[in-house]
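Next come the chains, spelled out residue by residue.
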Amino acid sequence: MTAGITDTVHAVDAAAVMGLLPGRPRLLALGEPTHGEKVLLDVRNDLFRQLVEREGYRTIAIESDCLMGLVVDDHVTSGAGDLDEVMDRGFSHEWGAFPGNRDLVRWMRAYNEGRPASERVRFAGFDGPLEITAAASPRQALTALHGYLAARVDAGLLPCTAETLDRLLGADDRWTEPAAMMDPTRSVGRTPEARELRLVADDLVALLDAQTPHLIATSTPDEWERARLYGRTAAGLLRYHFSMADTSPTRMARLLAVRDSMMAANLLALAERGPTLVHAHNSHLQRERSTMRMGGLPVAWWSAGALVSPHLGDGYAFLATALGTIRHHGVETPPPDTLEGHLYALPQDRYVVDPRRLAAALGEAAPAPRVSPWFGYAPLDPAHLTGIDGLVFVKDAVRN
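Residues numbered from 1 in each chain as written. Predicted model: local features only at pLDDT ≥ 70, side-chain atom pairs only at ≥ 80, totals over all residues. Heavy atoms only, no water.

The subject of this paragraph is the packing of aromatic side chains. Enumeration according to the criterion identifies 6 aromatic pairs in this entry. Aromatic side chains Phe91 and Phe123 sit 5.5 Å apart centroid to centroid with 65° between the ring planes, which places their arrangement in the edge-to-face category. You can see Phe91 sitting in the loop between α5 (83–89) and α6 (99–112) and its partner Phe123 sitting in strand β3 (residues 122–127), a full 32 residues away along the chain. Relative to Phe98, the ring of Trp95 has its centre 5.6 Å away and its plane inclined at 25°; by these criteria the two rings are stacked. Residue classification places Trp95 among the buried positions, given a relative accessible area of 13%. The class for Phe98 is partly exposed, based on a relative accessible area of 22%. Among the aromatic residues, those joined into a ring-pair cluster are Phe48, Trp107 and Tyr111. Arg115 extends its terminal NZ or CZ atom over the ring of Tyr111, reaching a point 3.7 Å from the ring centre. The cationic tip of Arg198 hangs over the ring face of Phe242; the distance from NZ or CZ to the ring centre is 4.6 Å. (Phe/Tyr/Trp six-rings, centres within 6.5 Å; stacked < 30°, edge-to-face > 60°. Helix = DSSP H or I, 4+ residues; strand = E, 2+ residues; numbered from the N terminus. Buried < 20%, exposed > 50% of the residue type's maximum accessible area, 1.4 Å probe, protein only. Lys NZ or Arg CZ within 6 Å of the ring centre and 35° of its normal.)

Put into structure tokens, the structure is as follows:
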């Protein structure tokens, strides 16, 4: 098998990646099978730099809070804020502690220094304001959207006053109650106030749409883009909190679906901006339905990539990443009959390969599924090869 794919193995660079694709996609999605490994972030950073310098890409979007990401974008485009503060306040999931993300932000700021706005690189988070055990209060998104509209349209068009909005929101710690993730009765997502807020959010977004010509004329492009982001986020967060209060057996599937739907909406908006490199877990970017087990039960939902791909066609491309070893987490050399085992047998440390030619080289002998001893690493499903535009393989991840 190794001889059959050696001629299609290339270094992970922009030219090799573009050579696998029919054209330059508006969203080039680079997946990863686990989070936080330095070598994977280094691969991402190197590829992004090349895409910027050689292919005209101007935005990178990562699996992080879309509202917190505005802090990073302000820093890389204008120098606002101290780097330490930006890394602390601009990333969710504690991603700001990873050196690879710090290297990315530092490089983006240096690249933008002295460049006109049209040539600057931009940063975006495309995840919702969600953590594993909690979801944010919708306050930031709702009040920002209300404030934006209040400054530009007649007050009589607004669905409520700022004071009414504040009363309906109540204390933020009601929304961020960690126990609500496991106990839906602790969620405020279906209280009378939350239900009214969903109507308010819907009316605010509808007003945003109805006043589009006037709002674009009286806003900078960034102000308009952020107002739309606030609207998407407010509606999505309220939908997520509503689902947190669900007591039915479909609760977790609904929560996962809402999260990826929020991701997809943000990605489609970024596609309007221009060519963007997207970086997230493979499961959020794949075209196939995502699955996992929670509480011993199978859960399935459509990922952000699966939702975006039909809208963009060739404008969406997905590079999955497979990994050989993560020995510091007990992930040892892959069995030779697995997909990762076949790839591990090649001499290169990291490379990109055409999945179609790889599938042809494998022939009818389908690789065995790899089983990870560590929950934090998800092996690539060999059945997904046909839905991948390029396969990045990294041989070994070493302790950061």
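Let's shift gears to the domain arrangement of the chain. Along its sequence, the chain is organised into domain 1 (1–132 + 264–397) and domain 2 (135–249). Using only C-alpha atoms to locate each centre, domain 1 and domain 2 end up separated by 30 Å. Listed per partner, the contact involves 14 residues of domain 1 and 15 residues of domain 2. Summing the contributions of domain 1 and of domain 2, the shared interface buries around 1,200 Å²; its carbon and sulfur component is 53%. (Domains from an automatic or database assignment. Contact = heavy atoms within 4.5 Å. Buried area = accessible area lost by both parts, 1.4 Å probe.)

Moving on to the side chain of His384. Inspection of the secondary structure assignment puts His384 in the loop between α17 (355–362) and β9 (390–397). For His384, a relative accessible area of 15% corresponds to the buried category. With residues near it in sequence (within four places) discarded, His384 still touches Gln286 and Glu288.

Quick look at the pairing of strand β6 (residues 297–302) now. Consecutive side chains of a regular strand alternate in pointing toward one face of the sheet and then the other. As judged from the 6 bridges shared by strand β5 (residues 289–294) and β6, these two strands associate in the antiparallel manner. Within β6, the residue paired with Thr291 across the bridge is Ala300. Joining the antiparallel neighbours β5 and β6 is a turn of 2 residues, in which Gly295 adopts a positive phi near 60°. (Pairing = 2+ DSSP bridges.)

Let's shift gears to the pattern of salt bridges. On inspection of all chains with the given rule, the structure shows 23 salt bridges. One salt bridge in this structure joins Asp84 and Arg102, with 2.4 Å as the shortest N-O distance. Remark: Arg102 occurs in helix α6 and Asp84 occurs in helix α5; sequence separation between them is 18 residues. Arg287 is paired through a salt bridge with Asp389; the nearest N and O atoms lie 2.9 Å apart. With Arg287 in the loop between α14 (282–285) and β5 and Asp389 in the loop between α17 and β9, this residue pair connects regions lying 102 residues apart in the sequence. Within this structure, Asp73, Asp74, Arg122, Asp222 and Arg226 form a network of salt bridges that share partners. (Salt bridge = Lys/Arg side-chain N within 4 Å of Asp/Glu carboxyl O.)

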